[in-house]
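Analysis of the macromolecular model
This is what each chain is made of:
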Amino acid sequence: MSEKKRVFSGVQPSGRLHIGNYAGAIFNWVPLQDEYLCIFGIVDYHAMTVRFKPEEMERNIINAAIDYMAAGIDPEKSILMVQSTVPEHTELAWILNTVTPVGWLSRVPTFKEKKRDNPDYVHMGLFDYPVLMAADIILYKAAVVPVGDDQVPHLELTREIVRRFNGYFGETFPEPKAKLGVVKRILGLDGTNKMSKSLDNCIYLDETKDEIWKKLSTAVTDTNRKRRTDPGNPDICNIFTMHKAFSTKEDIDRCARECRSAGIGCIDCKKTLLGHMVAALEPLQQRQRKLRAKEDYVYQVLSDGKKRAQEIAQQTMAEVYERIGIKRFHN
Ligand code: TRP
């Protein structure tokens, strides 16, 4: 077994990936693959905490796997797996449930938001979401968890659960650290909300140049800049955030400078961005097409991923059984 430190991160299989997912997550994962043993989970049980269509689940999982690999997750280096195929995730989540006070979970911001937005659909799974996430991470004793800033409270909770478990049963799990990406979160085309499929404000990874331009050309920029001759402020412009994810340093600096001096208008700035975005997405789309043509291979990758992940998971669970006093029954 590899002696490298481990990374775990997860994404929900909820349809097509957009550039927000790419810049906020996958893009930051790719460079970690040499230094760490990375386990990337397609977290289907988390996706089931909202209303979902069973007949779409398999397709969504396969598409997610294809998109990750197309974006640079290398199954020779990393483990790409489907959460539910390693039942130790839910098994450990149960044990963690017994050390997690209800009060901790009711204070989680994502829970409060979901409860507010959907008062008729508040169930145990939604409440328990962060405990399953903690189990995902510590099952592999991950040292580092690359996530977007919206996930930081979940990571804090994971660390508290770890301290509690270790305190009750003896030092077992390391406290994982969140690793935020270099790019601030890309907002939706409206420039206000987070990029999200349900808000219809996304640019998807598989869109063509024309489709992307249609969306970019009307995307909201710095709203204080009313006229072409007004100077703009890149720091509050979502288009500039996109530049930071896709453009060269030279063009990032130039666009910021010439925006501030009103040397360029928003359309010029967006055209420069379009070029870089298309250049970044084209090779990715080519790999997407290749992988779509050989889905058997994708199923095989996930099946290997399950085996490799489970090997680590079982080692951790053996330790857990010992800690909680049920070891002999698991031999
Ligand atoms: N909650 C994460 C999200 O919505 C997904 C996730 C599940 C995750 N388990 C995880 C992320 C473990 C990091 C580590 O984006």
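Residues numbered from 1 in each chain as written. Predicted model: local features only at pLDDT ≥ 70, side-chain atom pairs only at ≥ 80, totals over all residues. Heavy atoms only, no water.

Focus on the site of the ligand
So the rule is basically this: Think of it this way: one heavy atom of a residue within 4 Å of a molecule or strand is enough to make that residue near it. Any pair of N or O atoms that falls within 3.5 Å is considered a polar contact. Within protein, one atom must be able to donate a hydrogen and the other to accept it, and sequence-neighbouring residues count only if both atoms are side-chain atoms. Strands here are runs of E lasting at least two residues and helices are runs of H or I lasting at least four, both read from the DSSP assignment and numbered beginning at the N terminus. Ten residue types, Ala, Val, Leu, Ile, Met, Phe, Trp, Tyr, Cys and Pro, are classed as nonpolar, four, Asp, Glu, Lys and Arg, as charged, and the remainder, Gly among them, as polar.
Taken together, 13 residues lie around the ligand, and H46, Y129, M133, D136 and Q151 are the ones closest in. In this structure, Y129 approaches the ligand through a side-chain N or O atom, which is 2.7 Å from a nitrogen atom. Elements that contribute at least two residues to the shell around the ligand include exactly strand 1 (6-11), helix 7 (124-138) and strand 4 (144-147). Of the residues in the shell around the ligand, the class split is seven nonpolar, five polar and one charged.

A short note on the nonpolar core
As a reminder of what qualifies: Here, nonpolar core means buried Ala, Val, Leu, Ile, Met, Phe, Trp, Tyr and Cys residues that are tied together by side-chain atoms lying within 4.5 Å of each other. Throughout this description, buried means an accessible area under 20% of the type-specific maximum (1.4 Å probe, protein chains only), exposed means over 50%, and partly exposed covers the range between. For every domain, the bounds stem from an assignment made automatically or drawn from a database. Any two residues whose heavy atoms approach within 4.5 Å at even a single point are treated as in contact.
Grouped together as the largest cluster of nonpolar side chains are 61 residues, with contacts concentrated most on I19, Y68, M242, F246 and M277. No other element matches the nine residues that helix 3 (residues 54-70) contributes to this core. Viewed by domain, this core spans two of them, domain 1 (6-185 + 295-330) and domain 2 (209-289), each represented by three or more residues. Beyond its immediate chain neighbours, meaning those up to four positions away, Y68 contacts V11, L17, I26, W29, I42, I73 and L80. Counting residues in each nonpolar core, the second largest holds 42 residues, with V99, L132, V162 and A313 among its members.

Quick word on the domain arrangement of the chain
Filter applied, for reference: Note: buried area is the sum, over both parts, of the accessible area (probe 1.4 Å) each one loses when the two are combined. Throughout this description, the term salt bridge denotes a Lys or Arg side-chain nitrogen within 4 Å of a carboxyl oxygen of Asp or Glu.
Taken as a whole, the chain is organised into domain 1 (6-185 + 295-330) and domain 2 (209-289). The centre of domain 1, based on its C-alpha atoms, is set 33 Å off from the matching centre of domain 2. Contacts between domain 1 and domain 2 engage twelve residues on the former and eleven residues on the latter. Regarding the contact of domain 1 and domain 2, the summed buried area is about 920 Å², with carbon and sulfur atoms giving 69% of it. Considering only the surface of domain 1 that becomes buried against domain 2, I19, Y22 and A70 emerge as the three largest contributors, covering 49% of it. Along the contact surface separating domain 1 from domain 2 lie zero salt bridges. Run the count over domain 1 and domain 2 and you get two residue pairs in polar contact (both at pLDDT 80 or more). Looking at the side of domain 1 that touches domain 2, the elements with two or more residues in it are helix 1 (19-29) and helix 3.

Regarding the pattern of salt bridges
Oppositely charged side chains may form a pair once their charged atoms are brought near each other. All told, the structure shown has 17 salt bridges when counted by the stated rule. Between D150 and K194 there is a salt bridge, with its nearest N and O atoms 3.4 Å apart. One end of the pair, D150, is in the loop between strand 4 and helix 8 (152-169); the other, K194, is in the loop between strand 5 (177-180) and helix 9 (209-217), and 44 residues separate them in sequence. A relative accessible area of 25% places D150 in the partly exposed class. Residue classification places K194 among the partly exposed positions, given a relative accessible area of 42%. Note that E175 is salt-bridged to R163, the shortest N-O span being 2.9 Å. Linking E175 in the loop between helix 8 and strand 5 with R163 in helix 8, this pair joins segments that are twelve residues apart in sequence. Judged by relative accessible area, R163 falls into the partly exposed class, the value being 41%. Here the residues in one salt-bridge network are E156, R159, R163 and E175, joined through shared partners.

Re helix 12 (residues 266-292)
So the rule is basically this: How far a helix is expected to stretch is found by multiplying one less than its residue total by 1.5 Å. Two axes enter the bend calculation: one fitted to the seven residues ending at the residue in question, the other to the seven starting there, and the bend is the angle between them.
Along its 27 residues, helix 12 runs 36 Å from first to last C-alpha, staying within 8% of the 39 Å computed at 1.5 Å per residue. Largest kink in helix 12: about 25 degrees, centred on E282, with the proline P283 one to four residues after it.

Some remarks on the packing of aromatic side chains
So the rule is basically this: Each Phe, Tyr or Trp ring (for Trp, its six-membered ring) is paired with any other whose centre lies within 6.5 Å, and the angle between the two planes then decides the class: stacked below 30 degrees, edge-to-face above 60, tilted in between. Distance and angle both matter: a charge sits over a ring if NZ of Lys or CZ of Arg is within 6 Å of the ring centre and within 35 degrees of the ring normal.
According to the stated counting rule, one finds nine aromatic pairs in the structure shown. When the ring of W29 is compared with that of Y68, the centres are 5.6 Å apart and the planes differ by 40 degrees; the resulting orientation is tilted. Taken together, the residues W29 in helix 1 and Y68 in helix 3 connect sequence positions 39 residues apart. A single burial state applies to W29 and to Y68, both of which are buried. Grouped by ring-pair contacts, the aromatic residues F165, Y168, F169 and F173 constitute a single cluster. Over the face of the ring belonging to Y129 we find K114, whose NZ or CZ atom lies 4.3 Å from the ring centre. Here the guanidinium or amino end of K294 rests over the ring plane of Y297, the centre of that ring lying 4.7 Å away.

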